[in-house]
Every structure is written in C-alpha cells, then in structure tokens.
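# Descriptive structure summary
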Amino acid sequence: MRTARLRTVHPVLWAGWAALAAGAVLCVIGWYGVSGERFAEQQLPYLASCTVPGAALIIAGSVLLTHGRGALAAARVEELYALLVAAEPADAGEAGQSATAPLAVSGNLLMVPGGTLWHRADCPLVAGKAEAVPVDAKLVRGGELSPCPICEPAEADD
C-alpha cells in the first residue's frame, strides 16, 4: 500500500539524477575544450558555455536529490504512522479495555537466551518462539534483564 505522495517524489529524484548527469557531461566537454586551447581568450567560450552551466546543473541536481530523498522519507513516515493509527483492534470498544492495558496477561514469565527483556508467556514478542525459556530469577534480581515494555510483566509481581 503506497500513498500517492510516494509516487510524486520519484520524478524529483529522476530530475535530480538527470541534472547531475547533464552537468557532469557539460563539465567534461568544457574541460576538454579548455585543455585544447593555449590562450585565455579562446578558453573563455568553453568556460561560459559548458563549465559554468555544468557546475550549476550539478548543484541543482544535488539540491533536487536532497529534497527528493527528504520528501520520500517524510512520506514513508506518514504512511507508517497512518498504518499504526489505523491498526485499532475491532473488539477494543466492546471489551472496555483501556489504551494503557498490557497486551499480555499470562502469569508465566519467559525470556529469550541472550536477550535483555523478560516477558509474559503470551507476549507477542515471545509467543510461539521455540527458543523462549522460563525466566531465571537470578538474572532478574541481578538486574541483567528488564521488564518488557509491551506486555509489562512487572505488574505480575504486584
């Protein structure tokens, strides 16, 4: 699902690349023309007609690419935000759940070996993972593991 804004950014990027390429070609032609002339009076037409416009095109292409990439990033952030806001559970209003209620409510606590968080057994981050093991109480007491911010297992101890 792509937004219309993502599609409108691509022409700006293509224009930027085209301006960079045309500027590079003009600079090479200007350099080649200047290098073949001995006197400054004969070099000026190449500078005026190729090298200066080529440098201007390179600068314009760089600006277009920078603007296009920034607009593309902004469009992607807006699209992700829209997906996040639209992902509201259908039964949230019926069940009367508050917005701050944890996603998981199981009393069993799990951890992933090598991980830094401990979770409830039905937490979406560990549910269905074969490598999840019961929490080692020594790691929790030692402060090596912290509670998962999604399932909020610290409330299970209360």
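As shown above, the structure is provided for reference.
Here's a quick rundown of the structure. Model, not experiment: these values are computed from the prediction.

Cut-offs and rules
- Residues numbered from 1 in each chain as written.
- Predicted model: local features only at pLDDT ≥ 70, side-chain atom pairs only at ≥ 80, totals over all residues.
- Heavy atoms only, no water.
- Helix = DSSP H or I, 4+ residues; strand = E, 2+ residues; numbered from the N terminus.
- Buried < 20%, exposed > 50% of the residue type's maximum accessible area, 1.4 Å probe, protein only.
- Contact = heavy atoms within 4.5 Å.
- Areas by Shrake-Rupley, 256 points an atom, 1.4 Å probe, with all protein chains shown as cover.
- Pairing = 2+ DSSP bridges.
- Core = buried A, V, L, I, M, F, W, Y, C linked by side-chain atoms within 4.5 Å.
- Patch = residues over 30% accessible without salt bridge, like charges linked within 9 Å, V, L, I, M, F, W, Y side chains within 5 Å.
- Salt bridge = Lys/Arg side-chain N within 4 Å of Asp/Glu carboxyl O.
- Disulfide = S-S within 2.5 Å.

We now examine the overall build of the protein. Looking only at helices and strands, the protein has four helices and four strands in total. Expressed as a percentage of its 158 residues, the buried residues of the protein come to 23%. A fraction of 64% describes how many contacts in the protein between residues 6 or more apart in sequence connect residues 24 or more apart. As displayed, the protein offers around 10,700 Å² of accessible surface, 65% of which is attributable to carbon and sulfur atoms.

What follows is about the sheet that holds strand β4 (residues 146–147). Pairing in this open sheet of four strands is mixed, and the strands run β3-β1-β2-β4 from one edge to the other. The open sheet is flanked by β3 (133–134) and β4, the only strands paired with a single partner. Examined bridge by bridge, strand β1 (residues 109–111) and strand β2 (residues 117–120) share three bridges and lie antiparallel to one another. Across the sheet, the residue bridging to L110 is H119, located in β2.

Counting seven residues, the largest nonpolar core is built from L110, V112, C123, V126, A132, C148 and C151. Apart from the residues lying within four places of it in its own chain, the contact partners of V112 are V126 and E131.

Let us now look at a nonpolar patch on the surface. Nonpolar side chains collect at one region of the surface, where Y81, L84 and V85 lie side by side and expose about 350 Å² of accessible area between them. As for its placement among the helices and strands, V85 is situated in helix α2 (residues 40–86).

Right, let's get into the environment of T51. Among the structural elements, T51 can be located in helix α2. Dropping the residues within four chain positions of it, T51 is found in contact with L26, C27, G30, W31 and Y46.

The antiparallel pairing of β1 with β2 creates a hairpin that spans five residues between the two strands, and G114 there sits at a positive phi of about 90 degrees. Both β2 and β4 contribute to a ladder of two bridges, which runs parallel. By the bridge assignment for β4, L117 is matched with S146.

This paragraph deals with the environment of L13. Structurally, L13 can be placed in helix α1 (residues 4–35). A relative accessible area of 11% places L13 in the buried class. Distance in space between the C-alpha atoms of L13 and A71 is 10.0 Å, their sequence separation being 58 residues. Apart from residues lying up to four places away in sequence, L13 is in contact with L65, G68, R69 and L72.

The subject of this paragraph is the state of the cysteines. Counted by the stated rule, this structure contains zero disulfides. The thiol sulfur of C50 is not disulfide-bonded, and the nearest other cysteine sulfur, from C27, lies at 8.9 Å. By relative accessible area, C50 is classed as buried at 10%.

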